[in-house]
Amino acid sequence: MTRMGRMTREKLGYSMPADAPAYQAPPYHYRNAQSVSVRFETEPDAALEVLPAPLTLIEPATAILSFYWYPFTTFGPYHEVILRLSAEHEGERLTYVQQIFVDTEPPMLAGREIWGFPKKLATIGFGRERDMVFATLERPSGIRLASVVMRPEQPLLNLPPSGPTVGMRIIPPVSGGSPVSAEIIAADTQHTIREAWQGPGSISFLEHSALDPVDRFPVKRVLKATYMEYDILLPEGRIMAKL
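Cut-offs and rules
Residues numbered from 1 in each chain as written. Predicted model: local features only at pLDDT ≥ 70, side-chain atom pairs only at ≥ 80, totals over all residues. Heavy atoms only, no water. Pairing = 2+ DSSP bridges. Helix = DSSP H or I, 4+ residues; strand = E, 2+ residues; numbered from the N terminus. Axes fitted to C-alpha atoms, helices over the stretch in contact; angles between N-to-C directions. Contact = heavy atoms within 4.5 Å. Salt bridge = Lys/Arg side-chain N within 4 Å of Asp/Glu carboxyl O. Buried < 20%, exposed > 50% of the residue type's maximum accessible area, 1.4 Å probe, protein only. 1 Å grid on protein atoms, 1.4 Å probe; cavity = no way out; pocket = protein on both sides within 12 Å on 5 of 7 lines; lining within 4 Å. Points joined across faces, edges and corners; volume = space filled by probe spheres on them. Nonpolar A, V, L, I, M, F, W, Y, C, P; charged D, E, K, R; others polar.

Peer 1: How should the sheet that holds strand S10 (residues 144–150) be read in this particular structure?
Peer 2: Strand pairing in a sheet takes place through backbone hydrogen bonds and is either antiparallel or parallel in direction. Overall, antiparallel pairing links the four strands, which are arranged S8-S9-S10-S15 in an open sheet. At either end of the open sheet lies a strand with only one pairing partner, and these are strand S8 (123–129) and strand S15 (201–204). If you compare each strand with its neighbour and ignore which way they point, the axes differ by 10° on average. Taken together, the four bridges between S10 and S15 define a ladder with antiparallel strand orientation. Across the sheet, residue valine 149 finds its bridge partner in S15, namely serine 202.

Now the structure itself:
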């Protein structure tokens, strides 16, 4: 005797596992987030090699390495590191996520599956010492891939709009060949700024990793270093283009 399973489509949870979802449906809420970022000019050819074809590079080529500490989110507390490029799609300004790291599983799974953010687990440090804000990225622990340090000196006024944060969601095939789907997905994140500061800062890529080439974009010159505090609302994504 055999009997058919009862897990039908209308009974599925929002994410896998179907009967115990790893994360809930958006929107996701963040409170008292902190970030330290260094924006730098890089080589256009290095950026163009990894920028998806539907997107166009804004020149001079600019990359941003940002470190985040989220003491409260609906994913739980976690750290994050994002390496992005300034780009456009049909005249809409955006930042494209080239690499991204977190230190807990729920935001890693949601980021990869919903928006195509290529999140990996890593060891991330974020702190303050005297008048400096600093942050570090290690993967694996003990292999220092990147670090930034800056001193908040002056309030940062009139923040220019950067547009949505964009990822490329790749659905691999079951049995070899090219991806089943490759979509450019935008996250129209909403920020409520509490504090924004600028000041001198530096960026270092200490060790090269062929598995995680965070140093892919050469630093020609540092353009700006910032420290910010804010609340965030992360809504559903939207498909911007397909490859």
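Peer 1: I would appreciate a short explanation of the side chain of threonine 165 in the present structure.
Peer 2: Locating threonine 165 in the fold gives a position in strand S12 (residues 165–171). For threonine 165, the residues in contact, after removing those within four places along its chain, are Arg84, Thr95, Val97, Phe117, Ile185, Ala186 and Ala187.

Peer 1: Would you mind going over the pattern of salt bridges with me for this structure?
Peer 2: Pairs may arise between side chains of opposite charge once their charged atoms sit close together. In the structure shown here, the tally under the stated rule is 14 salt bridges. We note a salt bridge from arginine 194 to aspartate 231, for which the minimum N-O separation is 2.8 Å. Residue arginine 194 is found in strand S14 (residues 190–199), and its partner aspartate 231 is found in strand S16 (residues 221–234); the two are separated by 37 residues along the sequence. Residue classification places arginine 194 among the partly exposed residues on the basis of a relative accessible area of 45%. Residue aspartate 231 is classed as buried on the basis of its relative accessible area, which comes to 12%.

Peer 1: Got a minute to help me understand the pairing of strand S6 (residues 92–102) in this structure?
Peer 2: The side chains of a regular strand alternate between the sheet's two faces. Most of S6 is tucked away: nine of the 11 residues are buried. The antiparallel pairing of strand S5 (residues 78–89) with S6 creates a hairpin that spans two residues between the two strands, and glutamate 90 there sits at a positive phi of about 50°. As defined by bridge partners, S6 adjoins strand S7 (residues 119–121) across three bridges and the pair is classed as parallel. Across the sheet, the residue bridging to valine 102 is leucine 121, located in S7.

Peer 1: In this structure, what is going on with the layout of surface pockets? I would like to understand it.
Peer 2: Gaps left between atoms show up when a probe the size of a water molecule is rolled over them. For the largest pocket, the calculated volume is near 1100 Å³. At the level of elements, strand S1 (28–41), strand S3 (62–70), S5, S6, helix H2 (105–115), S14 and S16 are the ones that each hand at least two residues to the lining of the largest pocket. With seven residues, S16 is the single largest residue contributor to the lining of the largest pocket. In terms of residue class, the lining of the largest pocket is made up of 26 nonpolar, 12 polar and seven charged. When its volume is computed, the second largest pocket comes out at roughly 310 Å³. In terms of lining, the second largest pocket is formed by 13 residues, of which the most central are Arg112, Gly116, Pro118, Met168 and Ile170. Every element with two or more residues in the lining of the second largest pocket is listed here: S6, H2 and S12.

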